[in-house]
Amino acid sequence: MSIPQSGGGPIESLDQLAGLLESGCKPRDQWRIGAEHEKFGWLTDSRLPLPYAGDRSISAIFDALVARYGWQPLREGENIIGLTRDGANVSLEPGGQFELSGAPLVSTLDVAAELQQHLDEVRSIAGPMGVRFMGIGAPPDWTHDQMPVMPKGRYRLMTDYMGRVGTHGTQMMYRTATVQVNLDYASESDMVRKLRVALALQPVATALFASSPFFEGKPNGHRSWRSRIWRGLDDSRTGMLPFAFEDGMGFQRYVDWVLDVPMYFVYRDGRYINALGQSFRDFLKGELPALPGEKPTLSDWADHMTTVFPEARVKKYIEMRGADCGDQAHIAALPAFWVGLMYDQTALDAAWDLVKGFDAETREGLRVAASVSALAGEAGGVKLLDLARAAVGLSHAGLAARGLGEEAQLRPLVESLKSGKVQADRWLELYNGPWNRDLTPLYEASSL
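Since the structure is predicted, the reported quantities are computational estimates derived from the model, not experimental observations.

Reading the values: rules and limits
- Residues numbered from 1 in each chain as written.
- Predicted model: local features only at pLDDT ≥ 70, side-chain atom pairs only at ≥ 80, totals over all residues.
- Heavy atoms only, no water.
- Core = buried A, V, L, I, M, F, W, Y, C linked by side-chain atoms within 4.5 Å.
- Buried < 20%, exposed > 50% of the residue type's maximum accessible area, 1.4 Å probe, protein only.
- Helix = DSSP H or I, 4+ residues; strand = E, 2+ residues; numbered from the N terminus.
- Contact = heavy atoms within 4.5 Å.
- Axes fitted to C-alpha atoms, helices over the stretch in contact; angles between N-to-C directions.
- Parallel < 35°, antiparallel > 145°, perpendicular 65-115°, else oblique.
- Left-handed = near helix turned anticlockwise from the far one by under 90°.
- Nonpolar A, V, L, I, M, F, W, Y, C, P; charged D, E, K, R; others polar.
- Pairing = 2+ DSSP bridges.
- Salt bridge = Lys/Arg side-chain N within 4 Å of Asp/Glu carboxyl O.

**Comments concerning the nonpolar core**
And then number 1: Ile61, Phe98, Leu201, Tyr254, Trp301 and Trp338 are the most contacted members of the largest nonpolar core, which totals 140 residues.
And then number 2: Top contributing element to this core by residue count: helix H6 (residues 188–208), with twelve residues.
And then number 3: Discounting residues that sit within four places of it in the chain, Tyr254 has contacts with Leu21, Leu241, Phe243, Met249, Val308, Pro310, Arg313 and Val314.
And then number 4: One finds Tyr264, Tyr272, Leu276 and Phe309 within the second-largest nonpolar core, a separate group that totals seven residues.

**Things to note about unusual backbone geometry**
And then number 1: Look at Arg47: it is not a glycine, yet its phi comes out positive at around 60°.
And then number 2: With respect to the helices and strands, the residue Arg47 is situated in the loop between strand S1 (33–43) and helix H2 (58–69).
And then number 3: For Arg47, a relative accessible area of 32% corresponds to the partly exposed category.

**So, the packing of helix H1 (residues 15–22) against helix H10 (residues 298–305)**
And then number 1: Direction vectors running N to C along H1 and H10 enclose 65°, while the axes themselves pass 11 Å from each other. Compared by their axis directions, H1 and H10 come out roughly perpendicular. Helix-helix and strand crossings are classified by hand; for H1 and H10 the assignment is right-handed. Only Leu298, Trp301, Ala302 and Met305 of H10 make contact with H1, whose side of the interface consists of Gln16, Leu17, Leu20 and Leu21.
And then number 2: In terms of residue class, the contact of H1 with H10 is made up of seven nonpolar, one polar and no charged.

**Thoughts on the pairing of strand S7 (residues 178–183)**
And then number 1: For S7, the tally of buried residues reaches six of six residues, placing the bulk of the element in the interior.
And then number 2: Pairing of S1 with S7, which is carried by five bridges, proceeds in the antiparallel orientation. Within the sheet, the bridge partner assigned to Ala35 lies in S7 and is Val181.
And then number 3: By the bridge criterion, five bridges tie S7 to strand S15 (residues 318–324) in an arrangement that is antiparallel. Bridge pairing in S15 links Asn182 to Glu319.

**A look at the pairing of strand S11 (residues 265–268)**
And then number 1: Pairing analysis gives four bridges linking S11 to strand S12 (residues 271–274), with the strands arranged antiparallel. Of the residues in S12, the one forming a bridge with Val266 is Ile273.
And then number 2: Hairpin connection, S11 to S12: the antiparallel pair is bridged by two residues, and Asp269 has positive phi, about 50°.

**Overview of the pattern of salt bridges**
Side-chain pairs of opposite charge can arise whenever the charged atoms involved come near each other.
And then number 1: Per the counting criterion, the structure on display carries 21 salt bridges.
And then number 2: The shortest N-O distance in the salt bridge between Arg268 and Asp300 comes to 2.7 Å. Taken together, the positions of Arg268 in strand S11 and Asp300 in helix H10 put the pair 32 residues apart, joining distant regions of the chain.
And then number 3: A salt bridge links Glu429 to Lys421, with the shortest nitrogen-to-oxygen separation between them at 2.6 Å.
And then number 4: Assessed through its relative accessible area of 39%, Glu429 is described here as partly exposed.
And then number 5: For Lys421, a relative accessible area of 35% translates into the label partly exposed.

Shown next as C-alpha cells:
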C-alpha cells in the first residue's frame, strides 16, 4: 500500500488530472525500474505472525534498521510505519506484510543487488530475534483472527469498507503478499501499448509466480489463492480494465475511470478523514460530504489513484500487479520478465501481436484459469503454457538486446516452462507426499 502522497497545489483545471499522468512521460534514456515485494514475518518458536510491537516485532526491526543501517523513520502519530533511504522505502501492509519499495534503478541486476542488500540487513536483525520471513502469496494456515493489525489510519478505514463490498477484501489486505515492478513510458501512445500488453499478459505472470495453494491449513483449490481473492474484492476498482483496449484509450480515459471509483479517504494534517464511498467528482466541485466546501489538491488526486487496484495500474508509471511473492530468485525474476517485454521495442511490439486478438472474455478467462491451474490453465482456446513460453521467449530476447546479462534472471521461469510446474505445484506435491499433509515444513521451505 502506498504512503500518503505529497506535493502539488490546488486542482484548478480538470486537465491537471491527466496532466499528472502525462508528467510521467520520460525519454528512453531516463527509464528506470522500481521493484516491490511483500513478505510475512513469523516467530520461529511458534510459527505465529510477527506482531507490530514488542521485543520481537516489526517496530523492533524498524528501530534496528534505523540504528544500524541509516534508514530514516516515517511516523503516523507516535508509531513508526515505514522507513526511507536513498529513494527506497520500507512500508507495512495491513497484516504486517513487510514491503520493500525499491529505488528507481537502471537495470534488473541493480534491482537484484538492492534485494540482496535488503534481505541481508533484515536477516541480520531478525535472525537473532527468532524471526524469519516467508516469500509466499498467502500464509498457509494463519486465520484472520491471528493476523496483527498495523497502526495506520488508512487501513482502519479500508477494513471497514472492505467488509461491506465484495467477499474477499479483508483477506486481500491482511493475508496476501505480492511482488511488483514499476516501469516508465515515453508518451501517451507508449503508455497505452504497454498497459494493454501488461493487462493481457498478467495471467501469465499469475501462472508463472503462483505460490499460494494453501489457506487456513489446507489446499484451497487454486494455485494462486491471492489472485482468486482479487476477483472477489471490489469490482469498481479491480480487474482487467476492458476499456483500456477500446478506441480512444489514453490518459484522460484512465482518469475518467478513476474519477468514478468511490473514495476511501482524504489525508489532512497527519490523519485520514473518512470519505468512504464518496465521489471525487463531488470533491472537485467542493461538495464532498467529508470536507464540505473544500476542493482537492493534486496530492489528494495522487492519493485517490492509489486506491484503485487493477491488474496493471497507471500512475506516473505502470505497475504490474499480477504475481504472488515467491523465493528470492522469483522476486528477482519478476522485474526481469517485464523489463524484457516493455523496455525493448521489438519485444513490446511482438508481445502486442501475441495478445491483440484476445477479446475481453478471453483475457478474463485466462485470469481465472491462471489462478486455478497456473500453467495448466486455458481459456478461449489459448493455453497458458503456450502463451507463457512465447512471452518468456520474447522477454529473454528483449533482455538480451539490452546487453547487460539480465536474461539469466529468467532462469526460474524457464525451469517452470520445462516442467510445466510452478512453485504452487511443487508445494502441493510435497504436501501430498513427503510432508504427509503437514504444512509445518512450508515455513522453512518458503523462508527468504
